[in-house]
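Chain by chain, the residues:
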Amino acid sequence: MSARTRGAAVTGIGVIAPGGVGTDAFWKATREGITFLDRISREGSEHFPVRIGGQVRGFDPGSMIEERFLVQTDRFTHFAMASADLALDDARLPVDDMSPFAVGVVTAAGSGGGEFGQRELQQLYGKGPRYVGPYQSIAWFYAASTGQVSIRGGFKGPCGVVANDEAGGLEALAHARRSIRRGADAVVAGASEASLAPYSIVCMLGWDELSRARDAGRAYLPFTEDACGFAPGEGGAMLVVEEEGAARRRGVRIRGFIAGYGSTFTGPSRWERSREGLAQAIRVALEDAECAPEEIDVVFADALGVPEADRAEALAIADALGPHGTRVPVTAPKTGFGRVHCAAPTVDVVAALLAMEHRVVPPTPYVTDVCHDLDLVTRSSRPAEPRTALVLSRGLMGCNAALVLRGPEGDY
């Protein structure tokens, strides 16, 4: 079977976000435009210049993850392991009947285990090296989630970690698709972040793009004249990406297809140049998916919330999609719960798959008056028949990425 005939089908979805734990809760909040931005209340984080973020509440890692794994890992890996479990349950993947070498894992993360690392370093400098736990050596590392998900699941297939700026969340899914084409039967792929702990917030303070607003309703307003940066968030999403033929043979529900991917690099914070780079990433993704611009039914925007970046994205959509770029519905649900760094685009992919499944485009919370030539969906969900979705992402260090998704009735 050729690589082109090995379609990458999404058969499982798991998500943990400020908007809800699990697909049903997340989709209900996303579809209804319920907002979750609030004052950051994590211990030690209350008095930083960054006051507003999207925190995951109601998540009890002990109810989903064994104690022996919990003590080894940071909150960002808890999100990854729990959402991977949800995705595997959704896919009903028969792992016991599969070769462990046929199932891989790939994740992306930018902030890593900041909370775990901070705690252990405080022990080191406050009490001495004997008080530092042995898991400090691995828990802080951005590769921890791939390692723990693969160990816990017994997956020994193609595993990897993507270091691709905040656009890494899309690259992880593209990497999974490449692994399927190269012979893997299934890949657990996605991204997670837990960057609202004190050390991680301090690391973010050097970003000019981070919103310092003190009012949740004003903190994250992309594509408006009041845009003042983005509000950070935490959480994660994992997908089970499976070879289409195998998924069809076992009769599992296919949630959609990863159809095309493109990426470019234009340099850190060079938002005017990101217009050209993002447009080219879109063109490459469309070509890879054998998709005409007019076939895109909805765009899930990067929506950085920085005036120069928003303008560049709006122009990039028009450059790549032509006249269709001003007519296609565009949305950015993340304004309701924060930009979850590497996990932001994977959470957008979940929202896009669910939008196609439920035939509705979710709104962009908080945003009302748009100052760009975009058909941005605001205020409430819009009934639609989206069969093909375009998900966009840009990183603060200069990566631009675009992913084309087909609905379960579409051709990959």
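Residues numbered from 1 in each chain as written. Predicted model: local features only at pLDDT ≥ 70, side-chain atom pairs only at ≥ 80, totals over all residues. Heavy atoms only, no water.

Caption draft 1: Highlighting the packing of helix α7 (residues 168-181) against helix α12 (residues 343-358). Two elements in contact, α7 and α12, have axes whose closest approach is 5 Å; the angle formed by their N-to-C orientations is 60°. It follows from the interaxial angle that α7 and α12 lie oblique. Contacts between α7 and α12 involve Gly169, Leu170 and Leu173 on the former and, on the latter, Pro345, Thr346 and Val349. In terms of residue class, the contact of α7 with α12 is made up of four nonpolar, two polar and no charged. (Axes fitted to C-alpha atoms, helices over the stretch in contact; angles between N-to-C directions. Helix = DSSP H or I, 4+ residues; strand = E, 2+ residues; numbered from the N terminus. Parallel < 35°, antiparallel > 145°, perpendicular 65-115°, else oblique. Contact = heavy atoms within 4.5 Å. Nonpolar A, V, L, I, M, F, W, Y, C, P; charged D, E, K, R; others polar.)

Caption draft 2: Seen up close, the pattern of salt bridges. As enumerated under the stated definition, the model contains 26 salt bridges in all. Between Glu120 and Arg119 there is a salt bridge, with the nearest N and O atoms lying 3.6 Å from each other. In this structure, the salt-bridge partner of Arg253 is Glu357, at a minimum N-O distance of 3.6 Å. Here Arg253 is found in the loop between α9 (244-249) and β9 (256-265), whereas its partner Glu357 is found in helix α12, with 104 residues between them in sequence. (Salt bridge = Lys/Arg side-chain N within 4 Å of Asp/Glu carboxyl O.)

Caption draft 3: Quick look at the pairing of strand β5 (residues 103-108). Most of β5 sits out of view: six of its six residues are buried. One ladder, built from six bridges, connects β5 with strand β7 (residues 186-193); its direction is parallel. Bridged to Val105 within β7 is Val188. In the sheet, β5 pairs with strand β6 (residues 159-162) via four bridges, with the strands oriented parallel. Bridge pairing links Val105 to Cys159 in β6. (Buried < 20%, exposed > 50% of the residue type's maximum accessible area, 1.4 Å probe, protein only. Pairing = 2+ DSSP bridges.)

Caption draft 4: Seen up close, the packing of aromatic side chains. One pass over the structure, following the stated rule, counts five aromatic pairs. Judged by centre distance (6.1 Å) and plane angle (65°), the rings of Phe26 and Phe337 are edge-to-face. With Phe26 in helix α1 (residues 23-32) and Phe337 in the loop between β11 (329-331) and α12, this residue pair connects regions lying 311 residues apart in the sequence. There is no split in this pair, since Phe26 and Phe337 are both buried. (Phe/Tyr/Trp six-rings, centres within 6.5 Å; stacked < 30°, edge-to-face > 60°.)

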